[in-house]
Amino acid sequence: MIESTMETLSRRGKSGDFAKKTPETTSAAGMPTERARERWSELVQIIEQARGSYYQEDSPTLADAEYDALYRELEDLEQHFPSLQTQDSPTQSVGGFASDAFSKVTHEIPMLSLDDVFSVEEAHAWIDRCMNALGVQTMPMTAEVKVDGLAVSILYVNGKLQRAATRGNGSVGEDVTANVLTIKNVPERLSGANVPRRVEVRGEIFFPTKDFEEYNSARAEAGRKQFVNARNAAAGSLRQKDATETAKRPLAMVCHGIGVFEGAPRTPKFQHEWYELIASWGLPTSSYTRVVQSHDEVDAFIREYGDKRTHLDYGIDGVVLKVDSRESQQALGTTSRAPRWATAYKYPPQEVHTRLLDIRTQVGRTGRVTPFGVMEKVLVDGSYVSRATLHNASDVKRKGVLIGDLIVLRKAGDIIPEIVAPVADARDGTEREFVMPSNCPSCGATLAPAKEGDIDLRCPNFEKCPAQLTERIAYIGSRKALDIEGLGEEASLALTQPELDREEVAAALVSGEAVLLADGTVLRLDTTLVEKLGHADEITAAENLLPSPQQPALDTAADLFDLNADSVRNVCVWRRRAFPAGVAKKVGASEGWQQVRYFYTAGVRDVTSGGWKTEPRPTKTFEKIISELERAKDEPLWRVLVAFSIRHVGPQAAQALANEFNSIAEIANTPLATLAQVEGIGPEIASAISDWFTLDAHQDLVKKWGAAGVRMEAEQTEELAQTLAGLTIVVSGTVPNYDREAAKAAITARGAKATSSVSKKTSLVVAGPGAGSKASKAEELGIPVIDSSLFDALLEGGLEAVDV
Ligand code: IVH
């Protein structure tokens, strides 16, 4: 059904406004209230615990962003009530520990942390603050990536590596000299001129991205616990008691600063000069660093590395800005925790932890039944997620997740939430295994694979299954098909399954809650009656109290184009939301279930007469749906074919069909063998097409849509010049004035194949804003890439027109 539930939110979220949003924490005198004090202790405890598992056990129990949000909340609270801020508050230390398993090293100069900002606005504010404090108009800064690894300090004496230590708590770290000596890009001896007598370089140890997946699967195969991410792999690998074990891991380092610096002929005046110097000694520095000086340049850097972050040699979790002039750095100084001359902009998280509350199943538009995880709502990459697909029962097995598990969640391709793995260590024995149902969760039909050997189970009730219909209607409205604004998942549910939540409403009545109907009536079940009845009877009594179930406005997609204001006048859905003030007072509850008109406004009653003061009228959205349906009737034939929801017939196959045949009737009457010969169709798709047309319900749909005026014949197009004949083209990112499907259609109409993935067979990649790894893959394979602004020129004049 719904793949993910997301609400885009400001990333500062709740933490930033803690004091504002919870008035009970403030008191007139600005003294912390009981509630504020309690919250402070709670936050300190959670943060200390999280720091423990992150730094000591290399196995975090809180996602980075959750940690950041709690830390922010604590900072805000302390800013609001300064008396709460004590010496031992986590805000006053850098975090981290030195384990007793290693000998301790006291840092001659403390290893500080960085203050974080979470938006470009906050980064700008930091820049402005520094410039103000320095009294300057321009302020060059280094912009660097923030490597997501493990901080180390390496001391070279007379050019020889003498000691390496982790950051530990900032003052005392762990001696990891033997381990660091096994890292290939860390020289044992410095080379080049101007090597100081004593120099301490600081940097980050990381596990290269390209090695991580492979290393982790090898571990899994060997029956060992996998690392949750590359950062933990780096930390776990470096902090091995036996350095020969570290030597087997592909660790590397990148330097980002200097600590001790004695006996050098010359001291650099700029941060970027430090890096040049460090590199001249044969130490690894980041090639991604550059000097910037305006807000715009900072934004561009953040954006650039935001786009590239998954393609870099190592994982990054942000961007670090440092005032370039060392003199200015000294003038700005440091706090006990972090320098004032540097800040870290943190990217939204890519992986978070949350609780898997349940695994349920959903029915797709072609009957496929897939499990999905229902999770405690969590913020991932700027939006809240509470659901993620689990594809099929084998996927659930393969991932090894149990209901009740703490899980790792990420955005696949930065959009679709994906359950990565369970945090098996966090189990307490109450977790249970998911069992795939054998009946359709919507209509109860017995599920079966389409053919023997298929992994997927399907609901065979194509005609009557309500869930399949809901999905088909929503799909018709989607961009891939007829692109009908307003006709999404919710509207489709209202049209096809308006009573979906009826059972829950009845249960609420049984539990004594009030229910508000669309006509203003408040329902309540007599509690003395409930006490007398058995459970089943209670539910029946509640069901009877509710208005009789509505017939859905649509019970087949065939009638979609006949929808009108009359047919949806009484469509109501059940929603749990805040009661109007009057009702809330009367029933003594602020929220509850309500019957809500979906396609009509609620209208206003006249209190005295009981009639309408303002009659309900169709909503703007419904009017839009109607005008969009009208427009859709004239969409190209291939879109109509897509809207049929024939298995395997997506935009690509539909375009192949529309290029070959002149009408739906012609396709319906073409023998299977002939269909299978069409370029881009093949036997499997051909048999799905011919199966589809044999069903009476589908013939009825074609007839009714045709009668309503939906295009059933190929559009008259002038014969387009075959400028791209024989080529295979991939479009990645956005193309000005074309949506993805339209761009593909334009390519096919000029004689080329439009494919989605880059391979050796690809002739050309068209890359626009948001293009991901495809462009870089093409470059690796030596395939030409053109900018999407040249797309029209390409269509007009072929490869020569774009100098390929
Ligand atoms: S400068 C005094 N530069 O991020 C300045 N740190 O969250 C201290 N980090 O402890 C660090 N990339 O381990 C700096 N380009 C970079 C960095 C970087 C990653 C780490 C470092 C630091 C932590 C603070």
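Criteria and thresholds
- Residues numbered from 1 in each chain as written.
- Predicted model: local features only at pLDDT ≥ 70, side-chain atom pairs only at ≥ 80, totals over all residues.
- Heavy atoms only, no water.
- Pairing = 2+ DSSP bridges.
- Helix = DSSP H or I, 4+ residues; strand = E, 2+ residues; numbered from the N terminus.
- Axes fitted to C-alpha atoms, helices over the stretch in contact; angles between N-to-C directions.
- Contact = heavy atoms within 4.5 Å.
- UniProt positions renumbered as here; feature names shortened; annotations may be inferred.
- Salt bridge = Lys/Arg side-chain N within 4 Å of Asp/Glu carboxyl O.
- Buried < 20%, exposed > 50% of the residue type's maximum accessible area, 1.4 Å probe, protein only.

1. Some points on the sheet that holds strand S8 (residues 252-262)
- The strand order S5-S4-S7-S8 describes an open sheet built from 4 strands, whose pairing is antiparallel. The sheet terminates laterally at strand S5 (160-166) and S8, the two strands that pair on one side only. On average, each strand axis in the sheet is tilted by 25° relative to the strand beside it, whichever way the strands run.
- In terms of strand pairing, strand S7 (residues 198-206) meets S8 through 8 bridges, oriented antiparallel. Note on S8: the bridge partner recorded for Ile205 is Met253.
- Strands in contact with helix H10 (residues 271-280) are S7 and S8; relative to S8, the strand with the most contacts, it is inclined by about 110°.

2. A short note on the UniProt feature "binding site: Zn(2+)" (unreviewed entry) in the chain
- Following the UniProt record, the feature "binding site: Zn(2+)" (unreviewed entry) maps to Cys440, Cys443, Cys459 and Cys465 here. For the residues just named, distributed over 26 residues, the greatest C-alpha separation is only 8.6 Å, placing them together at one site.
- The topology assignment puts Cys440 in the loop between strand S16 (416-422) and strand S17 (457-458).
- Those residues in contact with Cys440 that lie beyond four places of it in its chain are Val363, Ala445, Leu447, Cys459 and Cys465.
- Relative to the helices and strands, Cys465 is located in the loop between S17 and helix H14 (466-477).

3. Digging into the pattern of salt bridges
- In the structure shown here, the tally under the stated rule is 43 salt bridges.
- Among the ionic pairs, Glu433 bridges to Lys397, the shortest N-O distance being 3.9 Å. Here the residue Glu433 occupies a position in the loop between S16 and S17, and Lys397 occupies one in helix H13 (residues 393-399), the gap between them amounting to 36 residues.
- What makes Lys397 exposed here is its relative accessible area of 61%.
- What emerges from the salt-bridge pattern is a single network uniting Glu628, Arg631, Glu635, Arg639 and Asp739.

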